[in-house]
Amino acid sequence: MYKPEMRELTAFVEVARQLNFTRAAANVGVSVPTFSQTLRGLEEKLGVRLLTRTTRSVSLTDAGRDFLASLEPLLARLDVALDGLNRFRSETGGRLRILGSRTASTLFVGPLIGRFLSAHPDIELEMLVDDLHLDLVESRIDAGIQTGERIEKDMVAVRLVDPFEEVLMASPEYLQKQGEPDTPDSLGQHWCVRLRSSWNGTVRPWVLTKGDQKIEPSKPARFVANDLRVLASVVRGGGGIGLLPKVLVKDALASRELVQVLDGWSSWVSGIYLFYPSRRQMPAALGAFIKFMRENKPGPGWLSAM
């Protein structure tokens, strides 16, 4: 009986998870032709067809599904065994894959990465900037950084940024033409710029609070996008009223390109967290990254600073 090589097993598991040759080959770090040849060779040597290929799709055969179900626990135990070797190493070298939401990556994580790499020249870091819901273990991602509302309960979470305030903003030109709302209910007569979550596809509600008052006003969306930076540019250009974190547009607020409306009414975000799957032996590189982010997290009031 032919015993497959590790590279062949890794290639099969990756394409079985991705169901896409291009993405799987990129994750393994080889060209698509080489990747395809490896899998074809594996099937020929085993004498069993594992994959069904068309010009547009890839799927598993019954034999492929059974093979994958048997392989994954073995590879998971191998990962644990390899991670355990980090206890016997003093250096923190290795490769890290980090998932960061767009806002957290731009405002907080990105500016720190250069310092982290300088402090740890033996670590290779790849950062996926995306707001999609990805399974860290399945996607082979070591850790994620995003707001607390979106973190699964089985993750270990470390708060990096305290809860922060978002406020309603508009350009002076818009307010001059359309007038200024005087109550949350009057937002229904205004052009509203709204955020669609890439996480679950819904348009994010505006839940506004002022002291003990809490309201979710009815507001039609004149413009919707899935990126806060795009929303900020539309609001700056006079496209309507948007709910934005101050730190994202602090320069525009200081220069009066943007002004706050409905003073005293705001919305709160739970904060920004670093999270990762629980494991008995943490890779040294991940431990170094967590330690660095904890030591360099911003102080109280950072996100609300003007």
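The rules we used
Residues numbered from 1 in each chain as written. Predicted model: local features only at pLDDT ≥ 70, side-chain atom pairs only at ≥ 80, totals over all residues. Heavy atoms only, no water. Salt bridge = Lys/Arg side-chain N within 4 Å of Asp/Glu carboxyl O. Helix = DSSP H or I, 4+ residues; strand = E, 2+ residues; numbered from the N terminus. Buried < 20%, exposed > 50% of the residue type's maximum accessible area, 1.4 Å probe, protein only. Contact = heavy atoms within 4.5 Å. Pairing = 2+ DSSP bridges. Axes fitted to C-alpha atoms, helices over the stretch in contact; angles between N-to-C directions. Expected span 1.5 Å × (residues − 1). pLDDT = per-residue confidence, 0-100. Polar contact = N/O pair within 3.5 Å; in protein donor to acceptor, adjacent residues only side chain to side chain. Phe/Tyr/Trp six-rings, centres within 6.5 Å; stacked < 30°, edge-to-face > 60°. Parallel < 35°, antiparallel > 145°, perpendicular 65-115°, else oblique. Left-handed = near helix turned anticlockwise from the far one by under 90°. Nonpolar A, V, L, I, M, F, W, Y, C, P; charged D, E, K, R; others polar.

A.B. asks: Residue-level account of the pattern of salt bridges, with values.
C.D. replies: Overall, the coordinates contain 12 salt bridges when judged by the stated rule. Arg65 is the partner of Asp62 in a salt bridge, and the nearest nitrogen-oxygen pair spans 2.3 Å. Here Asp62 pairs with Arg65, and both are found in helix α4 (residues 62-84), just 3 residues apart, close to one helical turn. Judged by relative accessible area, which is 55%, Asp62 ranks as exposed.

A.B. asks: Got a sec to walk through the side chain of Gln146? Specific residues and values, please.
C.D. replies: Its location among the elements puts Gln146 in strand β5 (residues 143-147). Dropping the residues within four chain positions of it, Gln146 is found in contact with Ser101, Ile151, Trp199, Gly271, Ile272, Tyr273 and Phe275.

A.B. asks: Quick one: what's the story with the pairing of strand β15 (residues 272-277), residue by residue and with numbers?
C.D. replies: β15 sits mainly inside the fold: 6 of its 6 residues count as buried. Relative to β15, β5 is paired through 4 bridges, and the arrangement is antiparallel. When the bridges of β15 are listed, Ile145 appears paired with Leu274. In this sheet, β15 lies alongside strand β6 (residues 155-161) in antiparallel orientation, the contact comprising 6 bridges.

A.B. asks: So what's going on with the sheet that holds β5? Residues and values would help.
C.D. replies: Taken together, 5 strands build an open sheet; the order of strands is β4-β3-β5-β15-β6 and the sheet is mixed. One side of each edge strand has no neighbouring strand; the edge strands of this open sheet are β4 (123-129) and β6. The sheet shows a mean angle of 25 degrees between the axes of neighbouring strands, direction not considered. Pairing geometry for strand β3 (residues 94-100) and β4, over 7 bridges, is parallel. Bridge assignment links Leu96 to a residue of β4, and that residue is Leu125. Set on the sheet, helix α9 (residues 284-295) makes contact with β3, β4, β5, β6 and β15; between it and β15 the angle comes to about 165 degrees.

A.B. asks: How would you explain helix α1 (residues 6-18) if you had to name every residue and give the values?
C.D. replies: Between the first and last C-alpha of α1 there are 18 Å, a value that for 13 residues agrees with the 18 Å anticipated at 1.5 Å per step. Glu8, Leu9, Ala11, Phe12, Val13, Glu14, Val15 and Ala16 are the residues of α1 that are buried. Directly beyond the C-terminal end of α1, a positive phi value near 50 degrees is found at Leu19.

A.B. asks: I'd love a proper account of the environment of Pro245, names of residues and values included.
C.D. replies: For Pro245, the location among the structural elements is in strand β12 (residues 241-245). Pro245 sits in the buried class, given a relative accessible area of 1%. Taking the C-alpha atoms as reference, Pro245 lies 8.8 Å from Leu168; in sequence the two are 77 residues apart. With residues up to four places along the chain from it excluded, the contact list for Pro245 reads Phe164, Glu165, Glu166, Met169 and Leu228.

A.B. asks: Tell me about the confidence of the model for the protein, and please be specific about residues and values.
C.D. replies: Overall, the predicted model of the protein reaches an average pLDDT of 85, with 92% of residues at or above 70. Of all the helices and strands in the protein, α4 carries the lowest mean pLDDT, 83, while helix α6 (residues 172-178) carries the highest, 95.

A.B. asks: Go over the side chain of Asp227 with me, naming the residues and quoting the values.
C.D. replies: Relative to the elements of secondary structure, Asp227 occurs in the loop between β11 (221-225) and α7 (228-236). The class of Asp227 is buried, set by a relative accessible area of 10%. At 2.8 Å, the side chain of Asp227 and the backbone nitrogen of Arg229 are in polar contact.

A.B. asks: Break down the packing of aromatic side chains for me, citing the residues and quoting the values.
C.D. replies: Under the definition given, this model contains 5 aromatic pairs. Considering the side-chain rings of Phe21 and Phe35, the 5.7 Å spacing of their centres and the 85 degrees angle between planes classify their relative orientation as edge-to-face. Of this pair, Phe21 sits in helix α2 (residues 21-28) while Phe35 sits in helix α3 (residues 32-46), and the two are 14 residues apart along the sequence. Here Phe21 and Phe35 have matching classes, each one buried. Counting every residue linked through ring pairs, the aromatic cluster contains Phe116, Phe289 and Phe292.

A.B. asks: Quick rundown of the packing of α1 against α2? Include the residues and the values.
C.D. replies: One can describe the packing of α1 onto α2 by two numbers: an axis separation of 8 Å at closest approach and a directional angle of 135 degrees. Between α1 and α2, the interaxial angle falls into the category oblique. The crossing of α1 and α2 is right-handed. Contacts between α1 and α2 involve Glu14, Val15 and Gln18 from the former and Phe21, Arg23, Ala24, Asn27 and Val28 from the latter.

A.B. asks: Can you lay out the packing of helix α5 (residues 102-119) against α9 for me, pointing to particular residues and giving the numbers?
C.D. replies: Packed helix pairs are specified by the crossing angle of their axes together with the interaxial distance, meaning the distance between the axes. Close contact between α5 and α9 brings their axes to 11 Å; oriented N to C, the two are set at 120 degrees. Our pair here, α5 against α9, has a crossing hand that is right-handed. On α9, the residues touching Phe108, Val109, Leu112, Ile113, Arg115 and Phe116 of α5 are Ala288, Phe289, Phe292 and Met293. Each residue belonging to the contact of α5 with α9 can be placed in one class, and the counts come to 9 nonpolar, no polar and 1 charged.

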